[in-house]
Amino acid sequence: MSGFAFDAPTVIRTKRDGGRLSDAAIDWIIGSYTDGKVADAQMAALLMAIVWRGMDRGEIARWTEAMLTSGELLDLTDLRSGGKPLATVDKHSTGGVGDKTTLALVPIVAACGGAVPKASGRGLGHTGGTLDKLESIAGFTTDLPNQRVREQLCDIGAAIFGAGQLATADKKLYALRDITATVESLPLIASSVMSKKLAEGVDGLVLDVKVGAGALMESEAQCRELAHTMVELGAAHGVPTHALLTDMNCPLGATVGNALEVAESMEVLAGGGPPDLVELTLRLAEEMLALAGIDGLDPAQTLRDGTAMDRFRQLVAAQGGDLSVPLPVAAHSERVISYRSGTMGTIDAMAVGLTAWRLGAGRSRPGEQIQAGAGVRIHRRPGEPVAAGEPLFTLYTDTPERFGAAMAELEGAWSVEDTPPQARPLIIDRIA
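As annotated in an unreviewed UniProt entry, the protein carries the name Thymidine phosphorylase and comes from Mycobacterium simulans. Reading the Function (unreviewed entry) entry of the UniProt record for the protein gives the comment "The enzymes which catalyze the reversible phosphorolysis of pyrimidine nucleosides are involved in the degradation of these compounds and in their utilization as carbon and energy sources, or in the rescue of pyrimidine bases for nucleotide synthesis." Per its UniProt entry, the protein bears the Subunit (unreviewed entry) comment "Homodimer."

The following block contains the structure:
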């Protein structure tokens, strides 16, 4: 594959056969796909070849760079608030089930004096998307021009938006991966995350790399490699990057689904919420504040004194949202009842994520309309006592014909035992 004349079948064949893609080939395929000169079917074939054959560190770095430069770059170096330079910092999760930390985390960090330009995504496979969740709030828009992002960062310290013209190639690839079973790939995850995050122009980045059954990659060894790869990509671009490895064998919090997760996040901002969700949100906030150089502030205080909730309300209002309108509630629900008394055992995060997807919380084709009210409420967490006949899960959807497939997905994904399951640490390790 020398020279500068490329075609899609040759690039696909090279990777299919285990070859290494040259820098020029990567630049060409990303540019041509972004411009519409390479068809979705051809790119899907290449993505599947990458899933099977992988990429070396050099290929990943070049693929990331090609996607990074496929769109606009945010320049936030001149941002000031009250005459002082703003410290910009962001967080990104590799995707989990019930992972709604962004919704409380962004206003917490903003309330502490940080500025968070949060370019987020939509649902990917069995994992939820921050944009889909926020759009369950009446009127909320995630389509913000770059100038509006800058203004919000100066005014309230936060903006949550679709990547738009940042890393343009990733927007197309992200949607294609979602519907072609090519999500679970270290090179594709690392390049997708880091191209968007580096395009934001932040001063620091915290990564939440999920490990376990509900993560995009289950193996802890693979997740460690992913974390190291992304930390190195950040450092190579002059962006200090820290990663936390966090457990995703069980869903995070007690809800999975778009509007359900917004409501639960507001419980956290009001000083309540599930302990695991609060713990992870505050730990991520501490990491972000450290990278932003903001010392001596306790992020938990913003939950106690209401300043984080105030900042969330300002964020929603700035982006057209109306919290006085009730969040969507699905028209139909079904409960899963415990058949015995005992202790709640483990809950398989992947199965719960797929259950929510079956109920309409996710997509099976590009641009498909999701159901804002669809999802799963978990009534008993692992280790909690259970009485025979009480509900363990409630499933929600607007289309009741979905219940059969959803119930089948959840079958075998939980148990009621005589003894509690072995407790797992929520935060496994920190990589910097």
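Next comes the rest of the description.
**Digging into unusual backbone geometry**
One non-glycine residue, Ala 167, lies in the positive phi region at around 45 degrees. Overall, Ala 167 belongs to the buried group, its relative accessible area being 1%. Not every positive phi belongs to a glycine, and Ala 181 is a case in point at roughly 55 degrees. For Ala 181, the location among the structural elements is in the loop between α8 (168-179) and α9 (186-199).

**Here we look at the pattern of salt bridges**
Within the structure shown, the criterion is met by 27 salt bridges. Salt-bridge contacts for Asp 132 lead to Arg 122; the nearest nitrogen and oxygen are separated by 2.9 Å. Note that Asp 132 is positioned in helix α6 (residues 130-134) and Arg 122 in the loop between β4 (116-120) and α6, a separation of 10 residues in sequence. Asp 132 gets classed as buried once you look at its relative accessible area, which sits at 5%. Residue Arg 358 pairs with Glu 409 through a salt bridge whose shortest N-O separation is 2.8 Å. With a gap of 51 residues between them, Arg 358 in helix α15 (residues 349-361) and Glu 409 in helix α16 (residues 403-410) connect regions that are remote in the sequence. Note on Arg 358: relative accessible area 34%, which makes it partly exposed. Glu 409 sits in the partly exposed class, given a relative accessible area of 22%. Via salt bridges that share partners, Arg 122, Asp 132, Glu 135 and Arg 363 belong to a single interconnected network.

So, how was this worked out
Residues numbered from 1 in each chain as written. Predicted model: local features only at pLDDT ≥ 70, side-chain atom pairs only at ≥ 80, totals over all residues. Heavy atoms only, no water. UniProt positions renumbered as here; feature names shortened; annotations may be inferred. Buried < 20%, exposed > 50% of the residue type's maximum accessible area, 1.4 Å probe, protein only. Helix = DSSP H or I, 4+ residues; strand = E, 2+ residues; numbered from the N terminus. Salt bridge = Lys/Arg side-chain N within 4 Å of Asp/Glu carboxyl O.

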